[in-house]
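Architecture and fold: a report
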Amino acid sequence: MRISLNWLKELVDFTATPQELAATLTMAGFEVEDIEDRRTWAQGVVVGKVLDCQPHPNADKLRVCHVDIGQKTPLNIVCGAANARADIYVPIATVGTHLPNVNLTIRPAKLRGVPSEGMICSLAELGLEKESSGIHIFESDLKLGSDVRPLLGLDDVILDITATANRADALSMVGIAREVAALTGATLKLPEVPEIMVEGLKSRGALEKAASGLMLKIEESQACPAYIGTVIEQVKIAPSPAWLQQRLTAAGVRPINNVVDVTNYVLLEWGQPLHAFDRDRLLGIAGTEDKSSKPLTIGVRFAASGETLKTLDGQSRTLQPQTLLITANNQPVALAGVMGGEETEVHADTQNLVLEAALFEPVAIRRSARSVGLRTEASSRYERGVNFAELEVACRRALGMLVELAGGVLVEQKIADARPNQSAWSRSIALRLDRVNQILGPIVLGDDVGELQPPDINRIITALGCKIDNSKDEKVWQVTVPPYRYRDLEREIDLIEEIARLYGYDNFCDDLPQETEAGYLSIDQELTRKLREVFRAAGLTELVQYSLVKPGGDKQIALANPLFAEYSALRTDLISGLMDAFQYNLEQGNGALNGFEIGRIFFCDEDGLMEADAIAGILGGDRTVGRFPRGGREQPMSWFEAKGVLEGAFRRLNLAVEYQPDRRDPRLHPGRTASLWVQGNRLGTFGQLHPQLRQERGLPDAVYAFELDLDVLLDSLDGEENLTPAFRPYSTFPASDRDIAFFAPTQISVAEFERAISKAAGTLLESVEVFDEYRGENVPTGQRSLAFRIVYRASDRTLTDADIEPVHQKVREALVDKFNVNLRS
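Position numbers for residues start from 1 in each chain and track the written sequence from start to end. Per-residue local features of the predicted model are confined to residues with pLDDT of at least 70, and side-chain atom pairs are confined, for both listing and counting, to 80 or more; whole-chain, interface and lining totals are unaffected and use all residues. As a convention, hydrogens and water are excluded, and side-chain values are obtained from all of the structure's heavy atoms.

Okay, the overall build of the protein chain next. Under the DSSP-based scheme used, a helix requires at least four consecutive residues in state H or I and a strand at least two consecutive residues in state E, with every element numbered from the N terminus. Helix and strand content of the protein chain: 22 helices and 44 strands. In terms of overall dimensions, the protein chain is more spread out than a globule: its C-alpha atoms have a radius of gyration of 41 Å, far above the 28 Å expected for 825 residues. Along the first, second and third principal axes, the C-alpha atoms of the protein chain reach 130 × 75 × 70 Å. To be clear on the numbers: accessible area is Shrake-Rupley with a 1.4 Å probe, and residue cover counts the displayed protein chains and nothing else. Of the roughly 42,500 Å² of accessible surface on the protein chain, a fraction of 48% belongs to carbon and sulfur atoms. Mean positive and mean negative side-chain charge positions of the protein chain (88 and 117 charges, respectively) differ by 3 Å. Both definitions apply: the radius of gyration is a C-alpha atom measure, and the globule rule equals 2.2 Å times residues to the power 0.38. Under this rule, positive means Lys or Arg and negative means Asp or Glu; His and the chain ends count for nothing. A charged residue contributes its charge at one atom only: NZ of Lys, CZ of Arg, CG of Asp or CD of Glu.

Printed below as a string of structure tokens:
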């Protein structure tokens, strides 16, 4: 928000320089992004009177002016403005003046042979307009040679302040004035707000009993807790006075006319958005031509789907059910709390008004503004929360200015008020001195340190506008929060933050602890880094994708306030995103994607909302180097090759993972999918994508995916043998291998056979590997032929047949006894 220091000085009596005030506000949490010193824009520019204006002898578009600036002799100035003429008062930039907005320093010069001793300025050259059609002309007689800066509002300094989201009160001059008063101890001088008068009646009850030409119908009282509608007649639309235009311009608001400018002025002063409707246009839209026969009913409701409204910016907007509307006899006339409608705007011929002063619920306005893609000065204040207690004050302030500046006559006022009782507009919070010092720590007291004392607390809390009651205990206060800070001062910790802010963060001790230690990674962080290295070494590219996805899953968690419909739910797995990435790479001509991702997934179950970490990958395409021997043709990756990539990663992690048949994931091939197990815990799933899914997405035949539970994986890796690997020497003695083949039921997995062989072979076993599987002719129904190669080795001798045969026989017997296999060798 842009803060005019001239305006601010009328509200709070401070003496600090602009730089000192900017530093104070920044240290208090209100970042001053820019200091705009307008006093430098027209330094050396004075009031002059054009005595005569003659055509230039050598140029058709130039004029030679004699200008009196109160010196002994008039200045001779060459001017090219079309509106230059005699007997006008104008701003004159004298010789030596620097105009920073056009980066021009005035020097004596000759223009087409005629000397020029200054420049007659336009508002663009003085920085008040982007473009000007001619020189600026003052409307009244002025003292010659006087400084033009007070006349043009250039004797001001503007602070561009950014307020935090919780400080809705700081989006107003009154709010900043209260803050400056609390920080500096200066006296606060809030503007006087007159009592409004309707046909000579002063009381609120009299206002409500006046003429019955206006009615209110608030269908959504939760979204609109309070609404004040006031009818004003005999308004004369005209430009606002110079002081009002200058204040609006300084705040970055374009002056329009006296009525609209008053509503903008009150918005800036009190932070309360207002809107003025042309009453006659409202009656036309409402279908009430005879004003006496049917009252005008102003309503507040949500839009029906498909309704449209043309707003003040000239855009015709299609409304959504969450769009909050102001209506006239149920016809939309404005976006509540956002922007008015074009058909009911105040124009040059407006004579009668309906002034709206209302409170709207922040969430309702936020959703409404988002639904139409519009954010305004009004909506930004309503979204943060407008002060409940000062609605009437702002309304009376605006009505008083409309009577004074537009000559309006207040005819009627109606109020719909569903706000809670005034006792609920403030709250009482217990504040403990011990807790304050515990949170904030010691303070600097000269060369010593100390703690905040009760007088410090009393002074700061009182400066905030709070009331204090500590009659029972000097170290515990009951603090009553003022209504204008009701939304952000809710707990004791909020008051402690305010104490730190106002006392000054730089007044607290900032010594570091005496003993410090270097940072380190946790075990999980180290292991996660190792996982990334292992999967990258396996040839997979690491991917990072959004946690937000399209809605539609069974266990998905939907967002309450999504930014876009495409990102309105949280992902329940990583494989879906990897398939999208795989498909996108193919469509872009980048070939098959071999990648992995480590991320968080979210889901709903019986225990409520849950989240977990996972690691997933996708494989596909030809992994071989060079296709020349195959005539440039790709060789699809087989299931065993994809499984080998995953097993290679597990081998580097020193994990023994078992594969069991699995059919639970409908996205994977039911006959080529396995669940992965480690140390008796389910680790995840690996398999080939289902043919139907691949066909729908246009993917190659051989695409494989896996997803692992990261917590289970980290728990398995968090062992001494993985964290501190032990060296195992190679045996210098040769190995001896034996093959064993047998018929076995198809429902028994290879992993079960390997477990039984390992247990039976004992310490002599070095490795066991399946090398053949056959189903078909000469194999019994429901069975398959399996062949394993078993390698035996000892570390201290060369094994003989006498060493191996008893062990190998034990393996045969174990397979027969446990699985009832038919041995073929």
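There's more to say after this.
To continue, consider the environment of Ala364. The topology assignment puts Ala364 in helix H9 (residues 362–371). Here Ala364 falls in the buried class, since its relative accessible area comes to 10%. Each C-alpha atom of the pair Ala364 and Arg178 lies 28 Å from the other, and the pair is 186 residues apart in sequence. Whether two residues touch is decided by their heavy atoms; if any such pair falls within 4.5 Å, the residues are in contact. Residues contacting Ala364, with those up to four places away along its chain left out, are Ala223 and Gln322. Residue burial is assigned from relative accessible area. The probe radius is 1.4 Å, only protein chains are included, and a residue is buried under 20% of its type maximum, exposed over 50%, and partly exposed in between.

Moving on to a nonpolar patch on the surface. Like-charged residues are merged into a patch within 9 Å and nonpolar side chains (Val, Leu, Ile, Met, Phe, Trp, Tyr) within 5 Å, provided each residue has over 30% relative accessible area and no salt bridge. For this document, the term salt bridge refers to a Lys or Arg side-chain nitrogen within 4 Å of an Asp or Glu carboxyl oxygen. A cluster of nonpolar side chains, contributed by Tyr546, Leu563, Phe564 and Tyr567, occupies part of the molecular surface with about 510 Å² of accessible area. Here Tyr546 shows up in the loop between strand E31 (541–542) and strand E32 (548–549). Owing to a relative accessible area of 63%, Tyr546 belongs among the exposed residues under this scheme.

All right, on to the pairing of strand E4 (residues 45–55) then. At least two DSSP bridges between two strands are required for those strands to pair. Here 5 bridges tie E4 to strand E7 (residues 89–94), and the two strands are oriented antiparallel to one another. Looking at E7, one finds that Val47 is bridged to Pro91.

Let's shift gears to the sheet that holds strand E3 (residues 31–37). Across a sheet, strands are paired by hydrogen bonds formed along the backbone, either parallel or antiparallel in direction. Pairing within the open sheet is antiparallel, and its 3 strands lie in the order E1-E13-E3. The open sheet terminates on both sides in strands that have one partner only, identified here as strand E1 (2–4) and E3. The average angle at which neighbouring strand axes cross in this sheet is 25 degrees, direction not considered. Here E3 runs beside strand E13 (residues 157–162); their pairing, made up of 6 bridges, is antiparallel. Note that in E13 the partner of Ile35 across the bridge is Leu159. As a rule, the C-alpha atoms of each element are fitted with a line to give its axis, helices using only the stretch in contact, and angles between N-to-C directions run from 0 to 180 degrees.

Moving on: helix H22 (residues 801–819). One fewer than the residue count of a helix, multiplied by 1.5 Å, yields its expected span. A rise of 1.5 Å per residue sets the reference length of H22, with its 19 residues, at 27 Å; its end C-alpha atoms lie 26 Å apart and thus fit the reference within 8%. Listed as buried for H22 are Ile804, Val807, His808, Val811, Arg812, Leu815 and Phe819. Viewed along the axis of H22, the buried residues span an arc of 150 degrees, placing them on a single side of the element. Turned more than 90 degrees from where H22 packs its buried face, Ala802, Pro806 and Asp817 sit exposed. With its phi angle positive at about 60 degrees, Asn820 sits one or two positions after the end of H22. Note that the arc is computed from the directions linking the helix axis to the C-beta atoms.

Further remarks concern the nonpolar core. Residues enter a nonpolar core if they are buried and are Ala, Val, Leu, Ile, Met, Phe, Trp, Tyr or Cys, with the set joined through side-chain atoms within 4.5 Å. Counting 118 residues, the largest nonpolar core has Leu8, Ile326, Phe360 and Leu431 as its most contacted members. Top element by residues in this core is helix H11 (residues 391–406). It accounts for 9 residues. Not counting residues within four places of it along the chain, the set of residues in contact with Leu8 comprises Ile3, Phe14, Leu21, Met173, Ile176, Ala177 and Val180. Leu527, Phe535, Leu655 and Tyr659 belong to the second largest nonpolar core, which has 35 residues in total.

Now for the side chain of Thr94. Note on placement: Thr94 falls in strand E7. The contacts of Thr94, once residues within four sequence positions are left out, are Gly44, Val46, Ile69 and Ile106.

This brings us to unusual backbone geometry. Outside of glycine, negative phi angles account for most residues, and trans bonds account for most peptide bonds. Of note, Asp87 is a non-glycine position whose phi angle comes to about 65 degrees, a positive value. With respect to the secondary-structure elements, Asp87 resides in the loop between strand E6 (75–79) and E7. One non-glycine residue, Asn103, adopts positive backbone phi at about 50 degrees. If you trace the backbone, Asn103 turns up in the loop between strand E8 (98–99) and strand E9 (104–105).

Below, the discussion takes up the confidence of the model for the protein chain. Values of pLDDT, which run from 0 to 100, indicate the predictor's confidence residue by residue. Chain-level pLDDT for the protein chain is 89 on average; 95% of the residues reach the 70-or-more range. Across residues 199–212, confidence stays below pLDDT 50; counting only partners more than four residues off in sequence or on other chains, it has 23 contacts.

In this section: the packing of aromatic side chains. Planes of paired rings set the category: under 30 degrees apart is stacked, over 60 is edge-to-face and the rest tilted, where pairs are Phe, Tyr or Trp rings (Trp by its six-membered ring) whose centres lie within 6.5 Å. Taken as a whole and judged by the stated rule, the model has 14 aromatic pairs. Judged by centre distance (5.7 Å) and plane angle (20 degrees), the rings of Phe535 and Phe706 are stacked. Taken together, the residues Phe535 in helix H15 (residues 523–537) and Phe706 in strand E40 (residues 703–709) connect sequence positions 171 residues apart. In terms of burial, Phe535 and Phe706 fall into one category: buried. Relative to Phe819, the ring of Phe753 lies with its centre 4.7 Å away and its plane at 65 degrees, an arrangement referred to as edge-to-face. Residue Phe753 is located in helix H21 (residues 750–761), and its partner Phe819 is located in helix H22; the two are separated by 66 residues in the primary sequence. Here Phe753 falls in the buried class, since its relative accessible area comes to 0%. Taken together, the ring pairs in this structure connect Trp639, Phe640, Phe686 and Tyr704 into an aromatic cluster.

With that settled, the discussion passes to helix H17 (residues 639–652). The terminal C-alpha atoms of H17 lie 20 Å apart, and with 14 residues this matches the ideal 20 Å at 1.5 Å per residue to within 8%. Three or more residues of H17 are buried, namely Trp639, Ala642, Lys643, Val645, Leu646, Ala649 and Phe650. Around the axis of H17, the buried residues are gathered within 150 degrees of arc, so they sit on the same side. Turned more than 90 degrees away from the buried face of H17, the exposed residues are Phe640, Arg651 and Arg652. The inward-facing, buried residues of H17 contact H15, strand E36 (608–620), strand E37 (658–661), strand E38 (668–678), strand E39 (681–689) and E40. Just downstream of H17, Asn654 is the residue with a positive phi angle, here 60 degrees.

It is worth spelling out the sheet that holds E31 at this point. If you trace the 7 strands from one edge of the open sheet to the other, you get E31-E35-E36-E40-E39-E38-E37, paired in mixed fashion. The two strands at the open ends of the sheet, each matched to only one other strand, are E31 and E37. Here strand E35 (residues 595–605) runs beside E36; their pairing, made up of 11 bridges, is antiparallel. Along E36, the bridge assignment pairs Cys604 with Leu609. Taken strand by strand, helix H19 (residues 710–717) contacts E35, E36, E38, E39 and E40, and its axis lies near 65 degrees from that of E40.

It is worth spelling out the environment of Trp477 at this point. For Trp477, the position within the fold is in strand E30 (residues 476–480). Between the C-alpha atom of Trp477 and that of Ile461, which follows or precedes it by 16 residues, the distance is 10.0 Å.

Right, let's get into the packing of H21 against H22. A packed helix pair is summarised by two numbers, namely the angle formed by the two axes and the spacing between the axes. Relative to each other, H21 and H22 sit at 140 degrees, their axes nearing to 9 Å. Between H21 and H22, the crossing angle belongs to the class labelled oblique. With respect to the hand of their crossing, H21 and H22 are arranged in right-handed fashion. On the side of H21, the interface is formed by Glu752, Phe753, Ala756, Ile757, Ala760 and Ala761, while H22 contributes Val807, Lys810, Val811, Ala814, Leu815, Lys818 and Phe819. Here the nonpolar group is Ala, Val, Leu, Ile, Met, Phe, Trp, Tyr, Cys and Pro; Asp, Glu, Lys and Arg are the charged ones; every other residue, Gly included, is treated as polar. For the contact of H21 with H22, the residue count by class is 10 nonpolar, no polar and 3 charged. Oblique is the label for any angle not under 35 degrees, not over 145, and not in the 65 to 115 range, which are roughly parallel, roughly antiparallel and roughly perpendicular in turn. Rotating anticlockwise by less than a right angle from the far helix to the near helix defines a left-handed crossing, while the corresponding clockwise rotation defines a right-handed one.

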